[in-house]
Amino acid sequence: TAGTAAGQSAFMCVVLAAFDLLRQTPSLNFHINPSPFQVFIWMSVAGCLGVLLAVPLRKHYIDEEKLTFPDGTAAGETLIILDSGGSEAKKRAYTLAGGGIFSALFTWFRDAVPQLIPGSLSFSPALSALRVGFELSPMSFGSGLIVGLRITLSMALGMVLAWMIAPDFVVSQGWVAKKEFTPVLQWVMWPATGILVAGGLTGLALKWRSIQRTFVDLAGGKLAQGSDFPMRWVGIGVGVLSVALIAIQHYSLGVAPWESAVAIIVSVVLMVVGIRVLGETNWAPISSMANMVQGVFAAISPGSIAVNMVASGMSGTVAGAGEHLMQDYKAGKIIGSNNRALTYMQLLATPVGALSISLAYPLLRDRYGIGGECFARNANYSAEACNGMMSPISVKWAGFAEILMGGKLPPYTMHALAIAVVLGVLITLFEDKHKQYLPSPTGVALGMLIPALAVLPMLLGGLVQFIWQKVSPKTEEAYNVPLASGLIVGEALLGLVIPVLMMLGIIGSGGGGH
């Protein structure tokens, strides 16, 4: 739990990288360059606020909706298997270990020795420019095994709409200049975000009675003999941290108090939607949802690129912290942990992640630089011809702020957004009774937002799980989750080890970049 919280806080270094990219263009007059201490305070307060805002949502998403949260499931199942006995437990442990070892070895050869195993399979140069291909990722395949066929088919539907049908149409209409990943994404992200937000909020509204009961029970101390974090403490903490965040952004980053207050309110919406997306698909759409916040602030504070970046960065930090707390709650549910203790650990570890950003990011930036220029030449975000650290999310974040500063969105994006909102609401209204015939709005939207490279291995995992369940339901029930957990854990661990070894110079960087 502590590691998840610290890691999620540190992920928001993408905001700082976007700041650096914007300062490289003098004409934008973007001058925000926070000191390490400012970064530490800003990210700590925003992250802890996100943790507390997520506490009342646990019962709804974990206990009542029983969303999958594949990473949390993998962590909980791993702990259960490692701590259990008996012959059946040994078989499940061997399955988990085998999946983990295979995934780790595969990831090692793929990332450290790319001459042997490529990172992805490309179908054609034209599709590569749209990032359509097949990523060789045990983690994505394992996630597909856990989330199942309905979600992965929904993601595949979104992928086909956004990356196989839409590009030719929007380019031929002149709405998008080039048939490449970033320009097309800046158009399709609007209908995708519309489906996400409409589906998420409609689903929550349909369960309003259970949400109301959760707040009443938390306030009255009726939940599990105090195992949940008390609502009174949540209220006090949210109030204090909100005031502190508003003050920090006003005096340190130049954002008006009312703008920060709006950003906090919007971040709650982002969190509610993001938690559902993460629970169903194992993807946290932080950057895409933050782009929506950028659109909101382009409307209420037009021409202010500084407010746009600070507000969206803060909202992403708040929402991201809350989203990943749910993964920990899911793991805790599996092993029977105390939810109050898990919340304490999140609150204690979030400043650790913020401290790691404030100290490590400037050192890495000064050592390697931020290689933003290469993205204008290379739509695939590969390391070729890049002379600095790659940060594609930062490039998208900064580039979108630059577009919005001019007051222009790609043509007909708002029309597409409105249609998508209606579809998201309608599908969600009929989803409970006709789920077998309808796609998941969350899955469709996420398939539109993330590269097809990542969608296809998840779809393969969903297909394998479906066939396995039909052919041998008993073995699927016993070994699917341990196998999927091993595949997820193996790649996740090697994903941490390899960059550290590269930074220490023990192994080469493979593609020539960082």
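The numbering scheme is per chain: residues are counted from 1 as the chain's sequence reads. The predicted origin of the model limits local features to residues at a pLDDT of at least 70 and limits the giving and counting of side-chain atom pairs to 80 or more, whereas totals for whole chains, interfaces and linings rest on all residues. To get the side-chain values, take all heavy atoms of the structure and skip hydrogens and water.

> Can you walk me through the overall build of the protein chain in this structure?
Tallying secondary structure elements over the protein chain gives 21 helices and two strands in all. Partly exposed residues are those whose accessible area sits between 20% and 50% of the maximum for their type, while under 20% is buried and over 50% is exposed, using a 1.4 Å probe and protein chains only. Going through the 514 residues of the protein chain one by one, you find that 54% of them count as buried. Any two residues whose heavy atoms approach within 4.5 Å are treated as being in contact. Taking as baseline every contact in the protein chain between residues at least 6 positions apart, the subset at least 24 positions apart corresponds to 79%. In short, Shrake-Rupley with a 1.4 Å probe defines the accessible areas, and a residue's cover is counted only from the protein chains shown. When the accessible surface of the protein chain is totalled, it reaches about 21600 Å², and 67% of it is carbon and sulfur. The numbering of helices and of strands both runs from the N terminus, where a helix is a DSSP run of H or I of at least 4 residues and a strand a run of E of at least 2.

> Sorry if this is basic, but what is going on with the pattern of salt bridges here?
Side chains that differ in charge, positive against negative, can pair when their charged atoms come close. In the sections that follow, a salt bridge refers to a side-chain nitrogen of Lys or Arg positioned within 4 Å of a carboxyl oxygen of Asp or Glu. Counted by the stated rule, this structure contains nine salt bridges. With its nearest N and O atoms 3.2 Å apart, the salt bridge here joins Glu-491 to Arg-110. Of this pair, Glu-491 sits in helix α21 (residues 473–503) while Arg-110 sits in helix α6 (residues 87–112), and the two are 381 residues apart along the sequence. An identical accessibility class is assigned to Glu-491 and Arg-110; each is buried. Between Lys-179 and Asp-168 there is a salt bridge, with the nearest N and O atoms lying 2.8 Å from each other. Taken as a pair, Lys-179 in the loop between α9 (149–172) and α10 (181–206) and Asp-168 in helix α9 lie far apart in primary sequence, eleven residues in all. Put simply, Arg-58, Asp-63 and Lys-333 are held in one network by salt bridges that share partners.

> How do you make sense of a nonpolar patch on the surface when you look at a structure like this?
A contiguous nonpolar surface patch, about 400 Å² in accessible area, is contributed by Leu-157, Val-160, Leu-161, Met-164 and Ile-165. Inspection of the secondary structure puts Met-164 in helix α9. For Met-164, a relative accessible area of 39% corresponds to the partly exposed category. Here, patches come from residues exposed beyond 30% relative accessible area and free of salt bridges, joined within 9 Å for like charges and within 5 Å for nonpolar side chains (Val, Leu, Ile, Met, Phe, Trp, Tyr).

> So what exactly am I meant to see when it comes to helix α19 (residues 441–449) here?
What sets the pattern is the α-helix's 3.6 residues per turn: residues three or four places apart point alike. In terms of burial, α19 is largely enclosed, as nine of its nine residues are buried. Residues Pro-441, Thr-442, Gly-443, Val-444, Ala-445, Leu-446, Gly-447, Met-448 and Leu-449 constitute the buried set of α19.

> Can you walk me through the nonpolar core in this structure?
Within soluble globular proteins, side chains that are nonpolar generally end up buried alongside one another. Counting 115 residues, the largest nonpolar core has Phe-19, Trp-42, Trp-163 and Met-309 as its most contacted members. Ranked by the residues each element gives to this core, the list is headed by helix α15 (residues 305–335), at twelve residues. Setting aside anything within four residues of it in sequence, one finds Trp-163 in contact with Leu-130, Val-132, Phe-181, Val-184, Leu-185, Val-188, Gly-447, Met-448 and Ile-450. Residues enter a nonpolar core if they are buried and are Ala, Val, Leu, Ile, Met, Phe, Trp, Tyr or Cys, with the set joined through side-chain atoms within 4.5 Å. Counting six residues, the second largest nonpolar core, distinct from the first, contains Ala-74, Leu-145, Ala-484 and Ile-488.

> Is there a simple way to explain the environment of Trp-190 in this structure?
Along the chain, Trp-190 turns up in helix α10. Looking at Trp-190, the relative accessible area reads 5%, which means it is buried. Distance from Trp-190 to Tyr-412, taken between C-alpha atoms, is 9.8 Å for residues 222 residues apart in sequence. If we ignore the near neighbours within four places in the chain, the residues touching Trp-190 are Asn-291, Gly-295, Phe-400, Leu-409, Thr-413, Met-414 and Leu-417.

> Looking at this structure, I do not really get the packing of aromatic side chains. What am I missing?
Aromatic ring pairs are defined here through the distance separating the ring centres and the angle between the ring planes. Whether two aromatic rings pair depends on their centres lying within 6.5 Å, for rings of Phe, Tyr and Trp, where Trp uses its six-membered ring; planes under 30 degrees apart make the pair stacked, over 60 edge-to-face, and the rest tilted. This structure, assessed with the given rule, holds nine aromatic pairs. Ring centres 6.2 Å apart and planes at 15° place the aromatic pair Phe-19 and Trp-42 in the stacked group. Pair noted here: Phe-19 is in helix α2 (residues 13–23) and Trp-42 is in helix α3 (residues 36–54), with a separation of 23 residues, a long-range link. You'll find Phe-19 and Trp-42 in the same group, each marked buried. Taking 5.8 Å as the distance between ring centres and 40° as the angle between the ring planes, the aromatic pair formed by Phe-102 and Phe-106 counts as tilted.

> For this particular structure, what's the right way to read the environment of Ser-485?
With respect to the helices and strands, Ser-485 occurs in helix α21. In this structure the C-alpha to C-alpha distance between Ser-485 and Gly-142, which are 343 residues apart in sequence, comes to 6.8 Å. Apart from the residues lying within four places of it in its own chain, the contact partners of Ser-485 are Thr-73, Ala-74, Glu-77, Thr-78 and Leu-96. For Ser-485, the side chain forms a polar contact with the main-chain oxygen of Val-481, separated by 2.7 Å. Two N or O atoms form a polar contact when they lie within 3.5 Å of each other; inside protein one atom must be a possible hydrogen donor and the other a possible acceptor, and for residues adjacent in sequence the pair counts only when both atoms belong to side chains.

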